[in-house]
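Working through the structure, step by step
One letter stands for each residue in the lines below.
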Amino acid sequence: MTIRGRVWKYGDSVNTDVIFPGKYTYTVSDPAEMAQYAMEDLDPRFAQEVRPGDIVVGGTNFGCGSSREQAVTCLKIAGVGAIIGKSFARIYYRNCINNALPAIISPEAVDAIRDGEEVEIDLEAGEIRCPAGAFTFPPLPQVAMEMIAAGGLIPHTRKRLGLE
Amino acid sequence: MSTTFAEKVLASKAGLEQVVPGQIVEISPDTALSHDNAAPIYGIFRKIGVPRFAKPEIVAIVLDHATPAPTTKHAENHRIIREMVKEQGIQHFYDAGEGICHQVLVEKGLSLPGEVVLGSDSHSLHAGVMGAFGAGIGRSEMATVWATGALWLRVPQSMRITVSGRLPEGVTSKDLALRVIGDMGADGALYMSVEWHGEAIEALDLSSRATLPNLMAEMGAKNSYLPPDDKVFDYLDTGGRAQRSYTPLYPDPGAHYAVEVTYDASTIEPMVARPHTVDNVAPLSEVAGTHVDQAFIGTCTNGRLEDLAAAAGVLRGRKVAMGTRLIVIPASREVYLQAMAAGYLQVFVEAGGMVLSPGCGPCMGNHMGAPAVGEVAISTANRNFRGRMGTKESEVYLASPLVVAASAVAGEIVHPHELVDS
Ligand code: SF4
């Protein structure tokens, strides 16, 4: 699986409140509307200009804060193809994989990639290709790849149980 | 190869010779814990489309977050769970009044050495006090565990905290944990398995030990482990608590740790977490004198018998200050009964405090004592995020039961050593 897109680069500790504001967690559940608020308090241009396949790049502790799953789904629905970070908050990382949004840890790539660049990620090969060069990351394990291919944890579980 | 506790337990559960940090393994937990959130999880479970739980015997459900139900909506939620429990044949069900889920798991022998406990609660690390691997998971994940009996886990890197010496008198494991969190920050152990070693840890009773893994959630840890020793085995075996036989696991000498730190317990002083983050830690002396409207002793962090004994020691023969309220909530029915027999509850009530039924109480603002706008609370809990106890316009300080009890008497933050009786 190859993901190709333009980079939206941010700093360290991008928290779930700026990715998906808490005030919407109980009021907004429509997917299209959810995508509208993605990154609202961090980058007002994001929701308007993000295109399918685009890649979010963050520093350390990406997704820290609350366990709200919407902070992953809003990016996914907005079209984000993958997130590359130096490190992820634990629950955010799990939410990414469980919602079929590849979360890739590569501090070297994060340092090398600049905002707005075109970047390609080869998930199977475990390689990030950007203008500064190619960076490898440990390929996502089988379970995570299967989950991503199935479209997330719940569809994956249904598939494994022979329900679809 | 030498392995850490997390590597060892996850390899054994995954049926693999060896695992490395970063690797994803699929494992079947020995215990899958949920609380009042079992009702929404059941909604997700039904979407998966299987009629029955794969392994009802591993499922434990403890009603604690809003018990007894404060509103009809909460009661409705509890009703759904009771029906589900019946329908799915869940044996490890503990209804309202039994206590806080993490404490109840320990008391009922469902957090066992060498086992894996996954809980749909962020403080599931608590199980590490018994030498188990305890980690928090999300709601969809718990629904998947119910449906399949298994879940994926990423093998964490490990951190080793070694504490030498002895804690000074009047200094508790709460102060030690707050000091460590203050030093390392809220993401200091992000994704890591935090192991506690050293003579200071061995010297602690089980109750004081439990505070450590419980609080490691506030440092971003995945799980936290204390090596099980005779204190653990005696508790489990003598009391006939263990639900099954177990095999304790220990890290190997020479295992690789991503981070290793050491502390000398004798240098730890009473600490307080200031509003509104747990890593906003200061020595007690820096915040002493801050007026408190409400003092709360309880929660899974510090609501056990030893905590209540310490608080009763401070409150005996004294009165809660005018203008301050004291709320005491034993962490479980067992603790409640023991505290009653020991006369502690009498002490609290005589001092002017309120003793309420076991459960989470006001810890996350559900009920039983929310602060008003502009008020200051001091609590023995593990979290003080803005709005945690209800209104965003209140401030929550976190401290040990000794300090919270003394602050209730003084009406301001103070250490018991500084209490002057009028
Ligand atoms: S006492 Fe507080 S921290 Fe512990 S389980 Fe209950 S709500 Fe969570």
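For the structure itself, look to the data block above.
Everything in this summary refers to the structure shown in the same document.

Rules behind the numbers
- Residue indices follow the written sequence of each chain, beginning from 1 at its first position.
- The lettering of chains begins at A and the numbering of ligands begins at 1, in the order of writing.
- Since the coordinates come from a predicted model, pLDDT governs what is reported: local features require at least 70, and pairs of side-chain atoms require 80 or more to be given and counted, while whole-chain, interface and lining totals use all residues.
- Side-chain figures throughout are based on the complete set of non-hydrogen atoms in the structure, without hydrogens or water.
- We treat two strands as partners when DSSP finds at least two bridges between them.
- Secondary structure elements follow DSSP: runs of H or I of four or more residues count as helices, runs of E of two or more count as strands, with numbering from the N terminus.
- For every element, the axis is a line fit to its C-alpha atoms; helices are fit only across the contacting stretch, and the angle between N-to-C directions ranges from 0 to 180 degrees.
- Contact criterion: two residues are considered in contact whenever any of their non-hydrogen atoms come within 4.5 Å of each other.
- Whether a residue is buried, partly exposed or exposed follows from its accessible area with a 1.4 Å probe, protein chains only, as a fraction of its type maximum: under 20%, in between, or over 50%, in that order.
- By construction, the arc corresponds to the directions joining the helix axis to the C-beta atoms.
- Buriedness for pockets is judged along seven lines, at least five of which must meet protein on both sides within 12 Å for an open set on the 1 Å grid over protein atoms alone, while cavities are sets there where a 1.4 Å probe fits but cannot get out, and lining residues have an atom within 4 Å of a point.
- Grid points are joined across faces, edges and corners, and a volume is the space filled by probe spheres set on the points.
- Under the scheme applied, nonpolar residues are Ala, Val, Leu, Ile, Met, Phe, Trp, Tyr, Cys and Pro; charged residues are Asp, Glu, Lys and Arg; polar residues are all the others, including Gly.

Two orientations exist for strands paired in a sheet by backbone hydrogen bonds: parallel and antiparallel. Residues and elements named next belong to chain B. Within the open sheet, the four strands sit side by side as 10-9-8-11. Their pairing is parallel. Strand pairing shows two members of the sheet lacking a second neighbour, strand 10 (223-225) and strand 11 (259-264), which therefore form its edges. Geometrically, the sheet is characterised by an average inter-axis angle of 20 degrees between neighbouring strands, direction not taken into account. One ladder, built from six bridges, connects strand 8 (residues 158-164) with strand 11; its direction is parallel. Within strand 11, the position partnered with S164 by the bridge is D264. Where helix 6 (residues 173-184) meets the sheet, its contacts fall on strand 8, strand 9 (193-197) and strand 11, and the angle it forms with strand 11 comes to roughly 135 degrees.

On to the sheet that holds strand 3 (residues 82-85) of chain A, then. Residue and element names in this part refer to chain A. Taking strand neighbours across the sheet as the criterion, the seven strands line up as 4-3-2-1-5-6-7 in an open arrangement whose pairing is mixed. Looking at which strands have only one partner, the edges of the open sheet turn out to be strand 4 (103-105) and strand 7 (133-136). Looking at each pair of strands side by side, their axes are set apart by 30 degrees on average, direction ignored. Relative to strand 6 (residues 127-130), strand 5 (residues 118-122) runs antiparallel, the two sharing three bridges. Counted as the bridge partner of E120 is R129 from strand 6. Of the strands in this sheet, strand 3 and strand 4 touch helix 5 (residues 90-98), which is tilted by about 130 degrees from strand 4.

Residue and element names in this part refer to chain B. The set of residues buried in helix 12 (residues 305-315) consists of D307, L308, A311, A312, V314 and L315. Projected down its long axis, helix 12 shows its buried positions confined to an angular sector of 155 degrees, all on one face. Once helix 12 finishes, G317 follows within two positions and takes phi at roughly 75 degrees, a positive value.

On to empty space enclosed by the protein, then. Summed over all chains, the structure comprises two cavities of 30 Å³ or more. Counted as a void, the largest cavity has a volume near 80 Å³. Around the largest cavity sit V143, M147, L153, H156, T157 and R160 of chain A together with E26, T144, T148, A150, L151 and W152 of chain B, which together line it. Those elements giving two or more residues to the lining of the largest cavity turn out to be helix 7 (142-150) and helix 8 (153-160) of chain A together with helix 5 (139-148) and strand 7 (151-154) of chain B. Looking at the lining of the largest cavity, its residues break down into six nonpolar, four polar and two charged. Computed from the structure, the second largest cavity encloses a volume of approximately 40 Å³. Lining the second largest cavity, in full, are L33, H102, L105, V106, S111, V117, S124, H126 and A127 of chain B. At three residues, helix 4 (residues 101-107) of chain B tops the list of elements feeding residues into the lining of the second largest cavity.

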